[in-house]
Amino acid sequence: QVQLVESGGGLVQPGGSLRLSCAASGRTFSRLTTVRWYRQAPGKERELVASSASASTESDYADSVKGRFTLSRDIAENRVYLQMNSLYPDDTAVYYCYALQRTAIVWGPVWGQGTQVTVSS
């Protein structure tokens, strides 16, 4: 059974940075794995923040985070990351990792349980 576990959330002041981590168990984040980060703020729908179709393609970002957030993957560590810089209060949300693989070894989609990010002074 594939599981994703996020970590790295917390309370940060506006303008600060956090790095979220998503670790996989039961499967490997390969170069072919599609990985995404979503977030959901209270009273709002879940939104796609960053997406990477594979390790050989450029990542896509929501306009609201472009230039501030960076998705990366460490295949050796079997983790994906979301580096978040210049955080705003509007970035406050629960952040979820999502992954699936449609080629070679097919698995997913799988969601993580989420990690809370709070941006406040």
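Use the structure listed above.
Nothing here was measured: the structure is a model prediction, and the numbers come from that model.

Student: So what exactly am I meant to see when it comes to the nonpolar core here?
Tutor: Buried together is how nonpolar side chains tend to be arranged in soluble globular proteins. Counting 29 residues, the largest nonpolar core has Leu4, Phe29, Trp37, Phe69, Leu82, Met84 and Tyr95 as its most contacted members. Those elements that provide at least two residues to this core are strand E3 (18-25), strand E4 (34-40), strand E5 (47-52), strand E7 (69-74), strand E8 (79-84), strand E9 (93-101), strand E10 (107-111) and strand E11 (115-119). If sequence neighbours within four positions are ignored, phenylalanine 29 has contacts with Leu4, Cys22, Ala23, Ala24, Val35, Ile75, Asn78, Arg79, Val80, Ala99 and Trp107.

Student: What's the story with the sheet that holds E8 in this structure? I'm lost.
Tutor: Working definition: the strands of a sheet are paired by backbone hydrogen bonds and lie parallel or antiparallel to each other. Judged by pairing direction, the sheet is antiparallel, and its four strands sit side by side in the order E1-E3-E8-E7 without closing on themselves. Of all the strands in the sheet, just strand E1 (3-7) and E7 have a single pairing partner and so form its edges. Direction aside, the axes of adjacent strands within the sheet are offset by 15° on average.

Student: Looking at this structure, I do not really get the pairing of E9. What am I missing?
Tutor: Counted residue by residue, E9 has eight buried out of nine residues, so it is predominantly covered. With seven bridges connecting them, E4 and E9 associate as antiparallel partners. Across the sheet, residue valine 35 finds its bridge partner in E9, namely alanine 99. By the bridge criterion, three bridges tie E9 to E11 in an arrangement that is antiparallel.

Student: Even after reading the chapter, I still don't get the state of the cysteines, so can you show me in this structure?
Tutor: For the structure on display, the rule yields one disulfide. Two residues, cysteine 22 and cysteine 97, share a disulfide whose sulfurs are 2.1 Å apart. Looking down the S-S bond of the cysteine 22 and cysteine 97 bridge, the torsion is -80°, so its handedness is left-handed. Note that cysteine 22 is positioned in strand E3 and cysteine 97 in strand E9, a separation of 75 residues in sequence. Assigned by exposure class, cysteine 22 and cysteine 97 land together as buried.

Student: For this particular structure, what's the right way to read unusual backbone geometry?
Tutor: Excluding glycine, a negative phi dihedral is what most residues carry, and trans is how most peptide bonds are arranged. Put simply, glycine 108 and proline 109 share a cis peptide bond, and its omega is 10°. With a phi close to 60°, asparagine 78 is a non-glycine residue in the positive phi region. Mapped onto the elements, asparagine 78 comes out in the loop between E7 and E8. Even without glycine at this site, alanine 104 takes up a positive phi of about 60°. Overall, the relative accessible area of 67% leaves alanine 104 in the exposed class.

Procedures and definitions
- Residues numbered from 1 in each chain as written.
- Predicted model: local features only at pLDDT ≥ 70, side-chain atom pairs only at ≥ 80, totals over all residues.
- Heavy atoms only, no water.
- Core = buried A, V, L, I, M, F, W, Y, C linked by side-chain atoms within 4.5 Å.
- Buried < 20%, exposed > 50% of the residue type's maximum accessible area, 1.4 Å probe, protein only.
- Helix = DSSP H or I, 4+ residues; strand = E, 2+ residues; numbered from the N terminus.
- Contact = heavy atoms within 4.5 Å.
- Pairing = 2+ DSSP bridges.
- Axes fitted to C-alpha atoms, helices over the stretch in contact; angles between N-to-C directions.
- Disulfide = S-S within 2.5 Å.

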